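Next come the chains, spelled out residue by residue.
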Amino acid sequence: MIWAKEETLSRNEIEKIQLERLKATVKRVYEKVPLYREKMDKANIKPSDIKSLDDLKKLPFTYKQDLRDTYPFGMFTVPQKELVRVHASSGTTGKPTVVGYTKNDLKTWTELVSRLAVAGGASDEDIAQICFGYGMFTGALGLHYGLENIGATVLPTSTGNTQKQILYMKDFGTTLLVATPSYALHIAEVALSMGIDPKTDLNVKIGLFGSEGMTESMREEVYKLWGKDFLCTQNYGMSELIGPGVSGECPELCGMHINEDHFIAEVIDPQTGEVLPAGEKGELVVTCLTKEALPLIRYRTKDITRLMYEPCKCGRTTARMENISGRADDMLKIRGVNVFPSQIEEVLLQIEEIGPHYEIIVDRKNHLDTMEIKVELIDDSLLESYSALENLEKKIRGNLKTVLGLASTIKLVAPKTLPRFEGKAKRVTDLRKL
């Protein structure tokens, strides 16, 4: 099912809408936001210079630091009295990034999430359990209103108390799960420990996953625990852009459809800032076209992806972004080698003796970088055989070195001993930065 006609427009129709809205947005931020006026004046660009979509690349980038430097409301284009909602990041690495919504922004947000929920298989028949944390995080409320808008029954269970989450799933007949993919795996593990098989004893058939990236290997782990007929899709967004609602997968699983009438996506070389041709991998940059309170221009997401413009078999004609393969700021440089945690995950999840949970510890000893990877065994009986453990460690090290070109230390640990996460999983500890 397709929720909105805008998802099936021709390329010419999409670009006509984008250009009209881009001109209006650039004019708006130039007039209303001192930081943008200063950036554009410095670049010798006026709103009247934007005559085609190709002119977008003339505009300066926006960075997360810009929101922190203008904390809390310096990037807003409306007075505070027009705001009906404010969200913010945790601010664990500095000042929080604050985002706001007008009444019309909330309507737009609800519409965009409705599109992606339907694309991901949701309908008015679903009972949707939202296992994102409610609060200043945008994920929970974004999915909440979008799912309600399509007519689904929403269970706002938030995070935590996993056994009670499973009780609700069983007693209320939950059919759709909103969570991070890692928490979905944890729920399944806990259910099995309670004597409940997610495949047969629960009615959850759809997963709308977000907040953290999901590799194809992680998706396969989800299928193992929830069943091969489980419809497992992921969607993309970030608070600075709107929250969830920027893009999402359809059942074809060939990339995330972008709501292009509301966002322009570019991919750039993260080092030079040069716009890359369609199909080349680089950093995703997004321009908001319809946000009233906080329309960001050329926001550097630091997420690594590529863009595809061929129409999808599902009937949607919007551009798709490849599932995120890493973040520019998550990239680890170890002894001169660029390593993404997602590369490590892909290797680990191909090895059947170990589970989907892992921890990467990077350190520096005697002026040399080291990388230790802790992985869980599925069967703790292996701990009784030194030769079996040694062979497994050797296999993991070899597979990782083939992919990464880098030697690492492997530490095999007993099942269910590594941390589980209800929100975004934290897989990397870089002791070099401490």
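Residues numbered from 1 in each chain as written. Predicted model: local features only at pLDDT ≥ 70, side-chain atom pairs only at ≥ 80, totals over all residues. Heavy atoms only, no water.

Draft legend 1. Geometry of the sheet that holds strand β5 (residues 176-179). Overall, mixed pairing links the 9 strands, which are arranged β4-β3-β5-β6-β7-β8-β9-β14-β13 in an open sheet. One side of each edge strand has no neighbouring strand; the edge strands of this open sheet are β4 (153-155) and β13 (307-308). Pairing between β5 and strand β6 (residues 206-209): 4 bridges, direction parallel. Bridging across to β6, Val-178 finds its partner in Leu-208. Taken strand by strand, helix α7 (residues 181-193) contacts β5 and β6, and its axis lies near 125° from that of β5. In the packing of helix α9 (residues 216-226) onto the sheet, the strands contacted are β5, β6, β7 (231-238) and β8 (243-249), and the crossing angle to β7 comes to about 135°. (Pairing = 2+ DSSP bridges. Helix = DSSP H or I, 4+ residues; strand = E, 2+ residues; numbered from the N terminus. Contact = heavy atoms within 4.5 Å. Axes fitted to C-alpha atoms, helices over the stretch in contact; angles between N-to-C directions.)

Draft legend 2. Seen up close, the pattern of salt bridges. For the coordinates displayed, the defined rule picks out 28 salt bridges. Between Arg-115 and Glu-6 there is a salt bridge, with the nearest N and O atoms lying 3.8 Å from each other. One end of the pair, Arg-115, is in helix α4 (residues 103-119); the other, Glu-6, is in the segment before α1 (11-32), and 109 residues separate them in sequence. Overall, Arg-115 belongs to the buried group, its relative accessible area being 3%. Its relative accessible area of 21% is what places Glu-6 among the partly exposed residues. (Salt bridge = Lys/Arg side-chain N within 4 Å of Asp/Glu carboxyl O. Buried < 20%, exposed > 50% of the residue type's maximum accessible area, 1.4 Å probe, protein only.)

Draft legend 3. Examining the packing of α4 against helix α5 (residues 138-149) more closely. Where α4 meets α5, the closest approach of the two axes is 8 Å, and the angle between their N-to-C directions is 75°. In this view, α4 runs roughly perpendicular relative to α5, as classed from their interaxial angle. On the side of α4, the interface is formed by Trp-109, Thr-110, Val-113, Ser-114 and Ala-117, while α5 contributes Thr-138, Gly-142, Leu-143, Tyr-145, Gly-146, Leu-147 and Asn-149. Looking at the contact of α4 with α5 residue by residue, the class counts come to 6 nonpolar, 6 polar and no charged. (Parallel < 35°, antiparallel > 145°, perpendicular 65-115°, else oblique. Nonpolar A, V, L, I, M, F, W, Y, C, P; charged D, E, K, R; others polar.)

Draft legend 4. Geometry of the side chain of Arg-316. Inspection of the secondary structure puts Arg-316 in the loop between β13 and β14 (320-321). Given the relative accessible area of 2%, Arg-316 is considered buried. Engagement of the side chain of Arg-316 in a polar contact is seen with the side chain of Glu-7, the distance being 2.9 Å. Those residues in contact with Arg-316 that lie beyond four places of it in its chain are Met-1, Ile-2, Glu-7, Thr-8, Val-118, Ala-119, Cys-250, His-257 and Pro-311. (Polar contact = N/O pair within 3.5 Å; in protein donor to acceptor, adjacent residues only side chain to side chain.)

Draft legend 5. Summary view of unusual backbone geometry. The omega angle of the peptide bond from Tyr-71 to Pro-72 is -5°, so this bond is cis rather than trans. With respect to the helices, strands and loops of the structure, Pro-72 is situated in the loop between α3 (64-69) and β1 (85-88). Despite not being glycine, Asn-161 shows a phi value in the positive range, around 50°. On the accessibility criterion, Asn-161 (49% relative accessible area) is partly exposed. The phi dihedral of Lys-416 is positive, around 60°, even though this residue is not glycine. Position of Lys-416 relative to the elements: it lies in the loop between β20 (409-413) and β21 (428-430).

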